[in-house]
Amino acid sequence: MKSILLIGLGSFGTHMAVQLSQRGHQIMGVDKNEERVNEAMPYLTDAQIGDSTNKEFLSELDISGFDICFVTVGKDFQSSLETTSLLNELGAPLVVSRAESDMQEKFLLRNGADEVLYPEKQLAKWAAIKYGSKHLLDYIEIDENNALFEVPVPSSWTGHTIARIDVRKKHNINIIAVKYGGKFGGPVMPDTVLTSDMTLLVMGDYKSVQKCFRL
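What comes next is a walk through the structure. (Residues numbered from 1 in each chain as written. Predicted model: local features only at pLDDT ≥ 70, side-chain atom pairs only at ≥ 80, totals over all residues. Heavy atoms only, no water.)

In this structure, Thr72 sits in the loop between β4 (68-71) and α4 (77-89). For Thr72, a relative accessible area of 3% puts it in the buried group. Among the polar contacts listed, one links the side chain of Thr72 to the backbone oxygen of Gly8, at a separation of 2.6 Å. Other than its neighbours up to four places away in sequence, Thr72 contacts Leu6, Ile7, Gly8, Phe12, Gly13 and Arg98. (Helix = DSSP H or I, 4+ residues; strand = E, 2+ residues; numbered from the N terminus. Buried < 20%, exposed > 50% of the residue type's maximum accessible area, 1.4 Å probe, protein only. Polar contact = N/O pair within 3.5 Å; in protein donor to acceptor, adjacent residues only side chain to side chain. Contact = heavy atoms within 4.5 Å.)

A few words on the pattern of salt bridges. A full pass over the atoms with the stated rule returns six salt bridges. Residue Asp31 is joined to Arg36 by a salt bridge in which the shortest nitrogen-to-oxygen separation is 3.8 Å. Given the relative accessible area of 39%, Arg36 is considered partly exposed. Across the pair Lys55 and Glu89 runs a salt bridge whose closest N-O atoms are separated by 2.4 Å. Of this pair, Lys55 sits in helix α3 (residues 55-59) while Glu89 sits in helix α4; the two residues are 34 residues apart in sequence, bridging distant segments of the chain. Three or more residues are tied together by salt bridges with common partners; here these are Arg98, Glu100 and Glu120. (Salt bridge = Lys/Arg side-chain N within 4 Å of Asp/Glu carboxyl O.)

Turning next to the packing of α4 against helix α5 (residues 102-110). The interhelical angle for the contact between α4 and α5, taken along N-to-C directions, is 25 degrees, at an axis separation of 9 Å. Here α4 lies roughly parallel to α5, going by the angle between them. As for how α4 packs across α5, the hand of that crossing is right-handed. Residues Phe77, Ser80, Leu81 and Thr84 of α4 form the contact with α5, whose own contacting residues are Gln104, Phe107 and Leu108. Its residues placed into classes, the contact of α4 with α5 shows four nonpolar, three polar and no charged. (Axes fitted to C-alpha atoms, helices over the stretch in contact; angles between N-to-C directions. Parallel < 35°, antiparallel > 145°, perpendicular 65-115°, else oblique. Left-handed = near helix turned anticlockwise from the far one by under 90°. Nonpolar A, V, L, I, M, F, W, Y, C, P; charged D, E, K, R; others polar.)

Moving on to the nonpolar core. Formed by 23 residues in total, the largest nonpolar core has its most connected members in Phe149, Trp157, Leu200 and Phe213. When near neighbours in sequence (up to four residues on either side) are disregarded, Phe213 contacts His135, Val151, Pro152, Pro154, Trp157, Ile173, Leu200 and Val202. With 16 residues, the next largest nonpolar core counts Met28, Phe57, Leu61 and Val95 among its residues. (Core = buried A, V, L, I, M, F, W, Y, C linked by side-chain atoms within 4.5 Å.)

Attention now moves to unusual backbone geometry. Positive phi values are uncommon outside glycine, yet Asp62 reaches one of about 55 degrees. The phi torsion at Asn172 lies on the positive side, around 60 degrees, for a residue other than glycine. Owing to a relative accessible area of 56%, Asn172 belongs among the exposed residues under this scheme.

An order of β7-β8-β11-β9-β10 is seen for the five strands of this open sheet, with the pairing classed as antiparallel. Here the strands that pair on one side only, and so sit at the sheet edges, are β7 (138-141) and β10 (183-187). The mean inter-strand angle of the sheet, taken between neighbouring strand axes irrespective of direction, is 25 degrees. Here four bridges tie strand β9 (residues 174-180) to β10, and the two strands are oriented antiparallel to one another. Within the sheet, the bridge partner assigned to Tyr180 lies in β10 and is Lys183. Along the sheet, helix α6 (residues 119-131) contacts β7 and β8 (147-152); its crossing angle with β7, the most-contacted strand, is approximately 140 degrees. (Pairing = 2+ DSSP bridges.)

The parallel open sheet is built from six strands, whose spatial order is β3-β2-β1-β4-β5-β6. Looking along the sheet, the strands with just one partner apiece sit at the ends: β3 (46-49) and β6 (115-117). Strand-to-strand twist of the sheet, defined as the mean angle between neighbouring strand axes without regard to direction, takes the value 20 degrees. One ladder, built from three bridges, connects strand β5 (residues 95-98) with β6; its direction is parallel.

Take the environment of Cys69 next. Tracing the backbone shows Cys69 in strand β4. Under the relative-accessibility criterion, Cys69 is labelled buried at 0%. A sequence separation of 21 residues divides Cys69 from Leu90, and the C-alpha atoms of the two residues are 11 Å apart. Non-local contacts of Cys69, meaning those with residues more than four positions away in its chain, are made with Leu5, Ile63, Leu87, Ala92, Leu94, Val95 and Val96.

In structure tokens form, the structure reads like this:
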């Protein structure tokens, strides 16, 4: 469980609050709009109504005591930038700010953000890869070069073991785990026999996975 400061309770910020709350984290929500704060309260541990660009207001929140500070302010980029800079100045251990353009991402990183969330860009890439590929069930980016893919077992692989297929040597990808009926079936071993009712969780770069599974 982590102590989280969530600044900006618009649509994205509220969705963040819901997801963080479901995972058992303690969340302090902040927004200058009282109505937004009230709507998000069911998912917050505590809340404050105030201007996050006001240094005195932020200082009263004991910024250094939070594990993560999220800045999810929407359309007002100037406020987002000022808030990010103040959080960094006040000793926040980790500042994660939302961007809506490449330029915003650059400015945020230069002015105190440790990491940047860019939902539109990240979702667009995910959707392009998932829906632009054949057979690909899901995709999670790990870094710029590697990702975790969920793919069905090719018919030519059924009845064979992981060791016999040897995709690591042939295609430079790793089969990490299997799923049955959408549920995690555990990590694979060299003697794991593949069946048609499995899906595979494989890790590698997109081109190698695309070539191996003909995506």
